[in-house]
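One letter stands for each residue in the lines below.
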Amino acid sequence: MDNDMLSSLLSDPEALQNAMQAVSGILGGMGQPAPPPANDYDPTADMMQRALPVIGAIVQSGQGAVRQEKRALLGALKPFVTDEVAGQFDHALRLVSMARMARAAMGQIGQMGHTDGGSPPPDSNTPQPL
């Protein structure tokens, strides 16, 4: 999948939701995984069932990186700026979303590293939407 396709998927909540539902349907749902049949166990599908909620949370954090009002403002300005500037608006929004998703992914990795059963220390640098 190239970057443009991924960016367009990540910037369109409805398309992303459809993709998540399709993957969920293939893997049998996003809830608790059912015990696999003894002779048909697929470790890849099991891993994907466990990963989908985590991936969904990371993607959701990227979608909420910029407040809807600011997205609407930038969208309203597009007809009054050059195509190059309008493209820079889109590019900036994607970068902010990807940065937020990277931060969320790093947080998920940090949570997996805690083996004491407790929750990780609170992150005082939790970013607020722009």
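What follows covers the overall build of the protein chain. Counting its regular elements, the protein chain contains five helices and zero strands. Ordered by position from the N terminus, the helices and strands of the protein chain form the series α-α-α-α-α. Counting every position in the protein chain, which comprises 130 residues, the buried fraction comes to 17%. For the protein chain, long-range pairs separated by at least 24 residues make up 58% of all intrachain contacts whose partners lie at least 6 apart in sequence. Accessible surface, the protein chain: about 9,300 Å² in total, of which carbon and sulfur atoms supply 60%.

Evaluated as defined, the whole model comprises two salt bridges. Where Arg50 meets Asp46, a salt bridge forms, and the shortest distance between an N and an O atom there is 3.4 Å. You can see Arg50 and its partner Asp46 sitting in helix H3 (residues 43–63), four residues apart, about one turn around the helix. Judged by its relative accessible area of 57%, Arg50 falls in the exposed class. Of the charged contacts in the structure, one is a salt bridge between Lys78 and Asp90, with a shortest N-O distance of 2.4 Å.

Another aspect to go through is the environment of Phe89. By secondary structure assignment, the location of Phe89 is in helix H5 (residues 83–112). Phe89 gets classed as buried once you look at its relative accessible area, which sits at 17%. The spacing of Phe89 and Leu74 is 15 residues in sequence and 6.9 Å in space, taken between C-alpha atoms. Excluding its chain neighbours within four sequence positions, the residues that come into contact with Phe89 are Leu74, Leu77, Lys78 and Val81.

With 30 residues, H5 should cover 44 Å at 1.5 Å per step; its first-to-last C-alpha distance of 43 Å lies within 8% of that length. Restricting attention to buried positions, one finds in H5 the residues Ala86, Phe89, Leu93, Ser97, Arg100 and Met101.

Now for the confidence of the model for the protein chain. Of the residues in the protein chain, 61% reach a pLDDT of 70 or more, and the chain-wide mean stands at 75. Within the protein chain, the element-level pLDDT minimum falls on helix H1 (residues 3–11), averaging 65, and the maximum on helix H4 (residues 68–77), averaging 91.

The subject of this paragraph is a nonpolar patch on the surface. Where nonpolar side chains cluster on the molecular surface, the patch consists of Met106, Ile109 and Met112 and spans about 360 Å² of accessible area. Along the chain, Ile109 turns up in helix H5.

At their nearest, the axes of H4 and H5 sit 10 Å apart, and the two run at 160° to each other. When the interaxial angle is binned, H4 and H5 end up roughly antiparallel. Once H4 is placed against H5, the crossing between them reads as left-handed. Note on element contacts: H5 touches H4 through Phe89, Leu93 and Ser97, opposite Arg71, Leu74 and Leu77. Split into classes, the residues belonging to the contact of H4 with H5 amount to four nonpolar, one polar and one charged.

Thresholds applied
- Residues numbered from 1 in each chain as written.
- Predicted model: local features only at pLDDT ≥ 70, side-chain atom pairs only at ≥ 80, totals over all residues.
- Heavy atoms only, no water.
- Helix = DSSP H or I, 4+ residues; strand = E, 2+ residues; numbered from the N terminus.
- Buried < 20%, exposed > 50% of the residue type's maximum accessible area, 1.4 Å probe, protein only.
- Contact = heavy atoms within 4.5 Å.
- Areas by Shrake-Rupley, 256 points an atom, 1.4 Å probe, with all protein chains shown as cover.
- Salt bridge = Lys/Arg side-chain N within 4 Å of Asp/Glu carboxyl O.
- Expected span 1.5 Å × (residues − 1).
- pLDDT = per-residue confidence, 0-100.
- Patch = residues over 30% accessible without salt bridge, like charges linked within 9 Å, V, L, I, M, F, W, Y side chains within 5 Å.
- Axes fitted to C-alpha atoms, helices over the stretch in contact; angles between N-to-C directions.
- Parallel < 35°, antiparallel > 145°, perpendicular 65-115°, else oblique.
- Left-handed = near helix turned anticlockwise from the far one by under 90°.
- Nonpolar A, V, L, I, M, F, W, Y, C, P; charged D, E, K, R; others polar.

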